[in-house]
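# Chains, contacts and geometry: an overview
Here's the letter readout for the chains.
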Amino acid sequence: MYPKLVELKQKLAIVHDLNMAAAVLSWDNETYMPPGGAEARAQQLGTLLSLAHEKFTADEIGHLLDDLREYEASLPYDSDEASLLRVARREYEKKMRVPSEFVARQTETQALSYNTWVKARPQSDFHAVIPWLEKILDLSREYSSFFPNGSDENHHVADALIDLGDPQMSAADIRRVFGELREQLRPIVRAITSQPPADDSCLRQFFPEAEQLKFALGVAQQLGYDLQRGRQDKTAHPFMTHFSIGDVRITTRVKEYDWSEAFFSTIHEAGHAMYGQGHSRSLERTMLAEGTSSGVHESQSRLWENLVARSKNFWEHFYPKLQTAFPSQFENVSLDTFYRAVNKVEPSLIRTDADEVTYNLHVMMRFEFELQMLEGKLAIRDLPDAWDETITRDVGATPPNLSQGVMQDVHWYAGQIGGAFQGYTLGNILSAQFFDAALRAHPTIPEQIRRGEFSTLHGWLQHNIYAPGSKFLPNEIIHRATGEELNIKPYIAYLRRKYGELYEL
Ligand code: ZN
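Residues numbered from 1 in each chain as written. Predicted model: local features only at pLDDT ≥ 70, side-chain atom pairs only at ≥ 80, totals over all residues. Heavy atoms only, no water.

Next up on the list: the sheet that holds strand β2 (residues 240-244). Spatial strand order, β1-β3-β2: three strands in an open sheet with mixed pairing. Looking at the sheet topology across the chains shown, the edges are occupied by β1 (232-234) and β2. Each strand of the sheet is rotated relative to its neighbour by a mean of 25°, with strand direction disregarded. Where β1 and strand β3 (residues 247-252) come together, three bridges link them in parallel fashion. Note on β3: the bridge partner recorded for Q232 is I250. Helix-sheet contacts for helix α10 (residues 209-223) involve β1 and β3, and the interaxial angle to β1 is about 150°. (Pairing = 2+ DSSP bridges. Helix = DSSP H or I, 4+ residues; strand = E, 2+ residues; numbered from the N terminus. Axes fitted to C-alpha atoms, helices over the stretch in contact; angles between N-to-C directions. Contact = heavy atoms within 4.5 Å.)

Set out below in structure tokens:
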């Protein structure tokens with residue numbers, strides 16, 4: 001290997017180690033750390049992350065990247081080496097544009113704003129957070145100003161913010177796709193919610209925690225989540241985290257009177273985790289051993305959670321096993337009743353509790369508000385009214401207070417306005433697009449799912465999505481895996497097929 005590339009790889013590996021060590025500390029923070037550790041832990045995390053930042057933005061990294069330009073041009077585009085140079089250069093140039101004075105100011109504002117939100121939310125005290133949201137909005141605009149793009153008439157102030165999670169997916173493209181999706185979804189939601197809701201009382205009996213966890217994790221393993229390289233722990237808010245390709249962990253939360261909570265969050269996080277476990281071994285200890293974007297990552301959790309684990313085929317195999325695990329709860333519940341219960345659609349207020357049909361309306365509403373706030377067309381003080389009006393119109397539910405409305409999600413209050421939400425709905429759209437492509441390559445997948453076999457589907461995802469890690473941009477991965485651009489057709493067809501049958505639409 002070219003000596004300068006060896007040198008660069010060693011330096012980037014140290015940055016990677018620091019970031020992964022910080023991830024272990026965060027995981028511990030969310031799972032087992034006693035409250036007394038909080039203050040010191042925040043300092044330890046701060047130290048590791050600022051060291052990683054310093055080492056990554058050092059001049060010598062810039063020089064090495066410059067010196068390696070010619071060598072990179074001689075390599076095949078999809079080789080590990082060329083991809084590492086390309087991705088490292090993109091990240092380096094991005095980080096170098098943002099002054100460290102700005103990062104410090106933003107971090108401090110986010111922390112203070114978060115504390116205000118935590119106290120104000122239970123009281124629905126939006127007034128208390130207005131000045132903070134205004135500061136966050138200014139900072140979001142300021143961040144964007146480091147990435148001017150004067151020549152491009154489609155340039156949007158949100159582009160640089162979206163780029164943080166979903167690289168090079170523009171506000172204009174997402175707005176167009178979401179506009180189409182909203183038009184298609186509204187009549188489907190109206191048709192479903194004008195009917196009596198499905199009976200999901202079978203899910204709301206008592207289910208002992210240990211047995212819930214055992215059943216869910218057993219299913220996750222059967223889908224392909226490898227416990228030799230993973231584990232599951234409990235948290236308040238389920239997440240997936242990874243420290244290496246050999247150590248990809250999930251967390252879940254259990255509600256003893258709602259069976260669906262732990263089960264579907266386990267499958268969701270296992271979907272993220274299989275992506276993390278599936279990166280090519282050759283990418284280990286590099287920044288390429290990552291998912292490519294929040295949208296593509298979410299597509300992997302949603303594919304397993306919704307397209308697989310909420311399908312009729314899936315439960316034809318697993319429902320008898322569930323009945324054996326919980327005989328007194330499910331003995332007298334038919335497969336059909338159970339299948340309808342896990343696919344119940346109803347207007348709701350809270351995004352994270354929403355079903356797979358109405359969920360996107362929650363997300364797209366937030367995305368559109370972000371653009372309008374950044375454009376200066378929606379003032380922070382007018383946000384609560386705009387919120388209530390839109391969710392009433394689109395979802396058919398009106399928040400009784402602001403804590404169940406505009407104050408429910410942490411994203412804006414502790415992060416940024418712009419780029420915070422689109423990944424969730426991009427994930428849903430892509431889950432169907434990828435599943436469709438897998439089915440075109442292997443038409444027997446549904447039949448295999450009915451037999452509890454997942455290796456063909458897992459293998460297709462492994463090859464097309466997991467293995468390349470973040471070597472390619474999201475639009476490149478979508479094109480390579482499906483031969484198409486991002487589009488809503490497979491997702492809408494999936495919803496129409498499934499819910500058309502369930503609700504006789
Ligand atoms: Zn997720």
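Let us now look at the pattern of salt bridges. Opposite charge on two side chains lets them pair, provided their charged atoms get close. What the rule picks out here adds up to 46 salt bridges. In this structure, the salt-bridge partner of E305 is R302, at a minimum N-O distance of 3.1 Å. Taken together, the residues span about one helical turn, with E305 and R302 both in helix α12 (residues 294-308) at a distance of three residues. Across the salt bridge formed by K344 and E346, the nearest N and O atoms sit 3.7 Å from each other. For K344, a relative accessible area of 18% corresponds to the buried category. (Salt bridge = Lys/Arg side-chain N within 4 Å of Asp/Glu carboxyl O. Buried < 20%, exposed > 50% of the residue type's maximum accessible area, 1.4 Å probe, protein only.)

Looking now at a nonpolar patch on the surface. Together, Y114, V118 and V410 make up an exposed nonpolar region whose accessible area comes to about 220 Å². In this structure, Y114 sits in helix α6 (residues 100-120). Judged by its relative accessible area of 36%, Y114 is partly exposed. (Patch = residues over 30% accessible without salt bridge, like charges linked within 9 Å, V, L, I, M, F, W, Y side chains within 5 Å. Areas by Shrake-Rupley, 256 points an atom, 1.4 Å probe, with all protein chains shown as cover.)

Our focus in this paragraph is α6. Over its 21 residues, α6 runs 30 Å from end to end, which matches the ideal 30 Å to within 8%, given 1.5 Å per residue. Every buried residue of α6 is listed here: F102, Q106, T109, Q110, S113, T116, W117 and A120. Seen from one end, α6 has its buried residues packed into an arc of 135°, which puts them on one side. In α6, the exposed positions that point more than 90 degrees away from the buried face belong to S100, E108 and K119. Buried residues along α6 sit in contact with α7 (126-145) and α18 (411-414). (Expected span 1.5 Å × (residues − 1). Arc of directions from axis to C-beta.)

With respect to the secondary-structure elements, H458 resides in helix α21 (residues 455-466). Taking the relative accessible area as the measure of exposure, H458 reaches 17% and is therefore buried. Once residues lying within four places of it in the same chain are set aside, the contact partners of H458 are L223, G224, M274, W304 and Y466.

Bringing unusual backbone geometry into the picture now. For S124, which is not a glycine, the phi torsion comes out positive at approximately 55°. When you line up the elements, S124 lands in the loop between α6 and α7. Residue class for S124 comes out buried when judged on its relative accessible area of 18%.

Here the focus is the pairing of β3. For β3, a buried count of six out of six residues is recorded, marking the element as mostly surrounded by other parts of the structure. Burial along β3 is two-sided: the face carrying D247, R249 and T251 and the face carrying V248, I250 and T252 are both buried. Joining the antiparallel neighbours β2 and β3 is a turn of two residues.

The next thing to look at is the coordination of the zinc ion. The protein atoms that coordinate the zinc ion are H268 (NE2), H272 (NE2) and E298 (OE), at distances spanning 2.1 to 2.3 Å. Donor residues for the zinc ion sit on one chain with the sequence pattern H-x3-H-x25-E. In this pair, H272 is assigned in helix α11 (residues 259-277) and E298 in helix α12, connecting sequence segments 26 residues apart. Both residues of the pair, H272 and E298, belong to the buried class. (Donors = N, O, S within 2.8 Å, 3.2 Å for Na, K, Ca; no water.)

Nothing here speaks to function; it is geometry throughout.
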